[in-house]
Amino acid sequence: MYWEYVIVGYVVVLGGLGLYSAAILRQGRNLSRRVPPEKRRFLD
Amino acid sequence: MTTTNSSPTAPKPSDDDPLAKPLAPAHTGSALTFRLGLAAAIFMGAMLVFGLVISGPEINQRDSARLLYIHLPSVAATYLGFLVTLVGSVIYLRTKSLFWDMLAGASAEIGVVFCAGLLFSGAVWGKPTWGVYWQWDPRLTSTAVMFVMYLGYLALRRMDLPPDVRSRRAAILGIASFANVIVVHYSVQWWRGLHQGRTLGVDTQIDGLMLFSLFLGLVAFVLTFAWLLVHRFRVAWLSHQVEELGLARALAERRAETDPTGRGRTP
Amino acid sequence: MVHDIWLMASKDLKVEFVSRVVASQIVPFGLLILILFGLGLSPDLVVVGDERRSVLEEVAPGLFWIAVLLSALMALGRAFAIEAEDGNLDALRMAGMDPMGVFLGKSLAVAAQLLVLEVILGLGAFVLFGVPLANPVLLVMTALFATVCITLAGTLYASLAAGSTSRDTLVPLLVLPVLAPVLLGATLATRDALFADPGVLGWSWALLLVVFALLYLGLGMLAFGPILEDA
């Protein structure tokens, strides 16, 4: 019973987390290319 | 997310320098994030299997109770996110270290993402359980206010002011906003509302498999939080570097303009 | 510090006296909101409970405080707009003004303007919404406490955005969530003052406003120094 709510909840919450993660990783790649390798990490 | 392969464009460290370290790759991954991400994925998968397949429906709430396996972990990750923001803000005000400022900002953003998740999963849980998506109950209302407050904190971090002024004000707001997190947590005890109190009380009968699914969800979400935090922190650091490089370039151009011989040009 | 508070407050009030921005723009804005509520909420609708009341009458306390909050946002924006030009806050700090004096002085000036605004909007609400008045003392005390809350928390949070070009849009986002409990407390206390319905504990909500005001007085006095450091 109520599986439709369960599926919508899981898809939106986990999907949202996935989309956010993908956006962060993409942003990291784009920005990294504009920064010389020795300056890419705060701590080494 | 491979970590051992260095980027093909990055120059290899020369062999005659024993102290040379492998250069950072052109993304925000590392051995740490690889392990964190792998562990998070494993626990997330286990939570899905146990929460959606193995554990049975709850007696009163039926299958909608399965939403609690993502709802309560979202709550934990949200609290954790705003707590790290509080700690980062306090230490930033004491040390003025950029690290803590960036950590506070990164953590708040991830906390807001989890907070959106907790509000959504709570709403779709409420519809079958209470009959409505939203109740004007103290915990729900204070959570919604907390969500908007931290959106305001993130907006404040984008103000066009000198970075040190902006960081200091953000730190003050990051500390002050945590008061609302405490209000959210104790709202159930302070006002007797509709929202159920502590889910894991002694008197609540909770099936062993359900408890285990919930535990898997908690670990999965906390690991996901940590994995995202490292990546988001590195993005913050990289955008800071890009800003600095842009400033340096603008400065060099200005120097070249005012010095026609080009001697003032930065190497 | 008392001298600085007085200096700051009288300066801001003098600016208002000359420019008349609050009197000529913000007060009419508040009245306009009351009229718009009347149009948006169909005054003909009637709520049938223990007593027959129009919808407008029933929700009048909340509408009044929302109108005050929205007008207060404009007054707060104004209080920092008069400093933002040519880095005036910087000058205040250089002149050796106590940050707490600046905070409390600015709050005092905003509070004085808000009280005038509330009297006018309150009269407007009585006329437009047709509400009774069961307990005038509670109403006045509620208005006083709520005004202190709005000005202290408002001044503190509005100062965070001072000097930024996105100030006008950022201040509402920062200030309104903080004032959500004040809206709740002031509305319920006002309900009790107007209708004296059984079950609404007006004085305890008014007391909650006092606690909130003290909290933000403390926080403001602690935080305003660092905020002003190089605004």
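Not measured: the values here are computed from a predicted model.

Visitor: How should the overall build of chain A be read in this particular structure?
Guide: The number of helices and strands found in chain A is one helix and zero strands. With respect to the principal axes defined by its C-alpha atoms, chain A has extents near 55 × 20 × 5 Å. Taking all 44 residues of chain A together, the buried fraction comes to 25%.

Visitor: Is there a simple way to think about the interface of chain B and chain A in this case?
Guide: How big an interface is tends to be stated in terms of the accessible area lost upon association of its parts. Facing 36 residues of chain B, the contacting portion of chain A comprises 31 residues. When contributions to the side of chain B that touches chain A are tallied by element, the ones reaching two or more residues are α2 (68-95), α3 (98-130) and α6 (208-258) of chain B. Element by element, the count of residues in the side of chain B that touches chain A is highest for α6 of chain B, at 12 residues. Partitioning the side of chain B that touches chain A into residue classes produces 19 nonpolar, 10 polar and seven charged.

Visitor: Would you explain the interface of chain C and chain B in this entry?
Guide: Counting residues at the interface gives 16 residues for chain C, matched by 15 residues for chain B. Within the residue set of the side of chain C that touches chain B, elements represented by two or more residues are α7 (167-195) and α8 (202-228) of chain C. The element that contributes the greatest number of residues to the side of chain C that touches chain B is α7 of chain C, accounting for five residues. Residue classes in the side of chain C that touches chain B are distributed as 11 nonpolar, four polar and one charged.

Visitor: Explain the nonpolar core to me, please; I cannot follow it from the model alone.
Guide: Generally speaking, nonpolar side chains in soluble globular proteins are found buried as a group. The biggest cluster of nonpolar side chains holds 150 residues, and the ones touching the most others in it are Leu76, Cys149, Val175 and Leu209 of chain C. Examining the composition of this core, we find that 16 residues originate from one element, α3 of chain B, more than from any other.

Visitor: When you look at the environment of histidine 71 of chain B in this model, what are you seeing that I'm missing?
Guide: Residue and element names in this part refer to chain B. Mapped onto the secondary structure, histidine 71 falls in helix α2. With 24 C-beta atoms counted inside 10 Å, the residue histidine 71 sits in the buried group. Each C-alpha atom of the pair histidine 71 and leucine 23 lies 40 Å from the other, and the pair is 48 residues apart in sequence. Excluding residues that lie within four positions of it along the chain, histidine 71 makes contacts with Leu118, Ser121, Gly122 and Trp125.

Visitor: I keep staring at the packing of helix α2 (residues 21-40) of chain C against helix α5 (residues 99-129) of chain C and nothing clicks. Help me out?
Guide: Two numbers describe a pair of packed helices, the interaxial angle and the distance between the axes. Residue and element names in this part refer to chain C. Contact geometry for α2 and α5: axes closest at 10 Å, N-to-C directions at 30°. Comparing their axes, α5 and α2 come out roughly parallel. The crossing of α2 and α5 is right-handed. Residues Val22, Ile26, Val27, Gly30, Leu31, Leu34 and Gly38 of α2 form the contact with α5, whose own contacting residues are Gln113, Leu117, Ile120, Leu121, Gly124, Ala125 and Leu128.

Rules used in this analysis
Along each chain, numbering runs from 1 in the same order as the chain's sequence is written. Just so you know, chain letters begin at A and ligand numbers begin at 1, following the order they were written in. In keeping with the predicted nature of the model, local features appear solely for residues at pLDDT of at least 70, side-chain atom pairs appear and are counted solely at 80 or more, and the whole-chain, interface and lining totals rest on all residues. By definition, any uninterrupted DSSP run of H or I lasting at least four residues is a helix, any uninterrupted run of E lasting at least two residues is a strand, and each is numbered from the N terminus. A residue is called partly exposed when the number of other C-beta atoms within 10 Å of its own lies between 12 and 20, exposed at 12 or fewer, and buried at 20 or more, with C-beta atoms placed from the backbone. Contact between two residues is assigned when their C-beta atoms, built from the backbone, lie within 7 Å. Under the scheme applied here, ten amino acids are nonpolar (Ala, Val, Leu, Ile, Met, Phe, Trp, Tyr, Cys and Pro), four are charged (Asp, Glu, Lys and Arg), and all others, including Gly, are polar. Note on terminology: a nonpolar core is a set of buried residues of type Ala, Val, Leu, Ile, Met, Phe, Trp, Tyr or Cys, with members joined through C-beta atoms within 7 Å. Angular values range over 0 to 180 degrees, each being the angle between N-to-C directions of two axes fitted as lines to C-alpha atoms, with helices fitted over their stretch in contact. Oblique is the label for every angle not falling under 35 degrees (roughly parallel), over 145 degrees (roughly antiparallel), or within 65 to 115 degrees (roughly perpendicular). Handedness of a helix crossing follows the sense of rotation of the near helix relative to the far helix, less than a right angle counterclockwise being left-handed and clockwise being right-handed.

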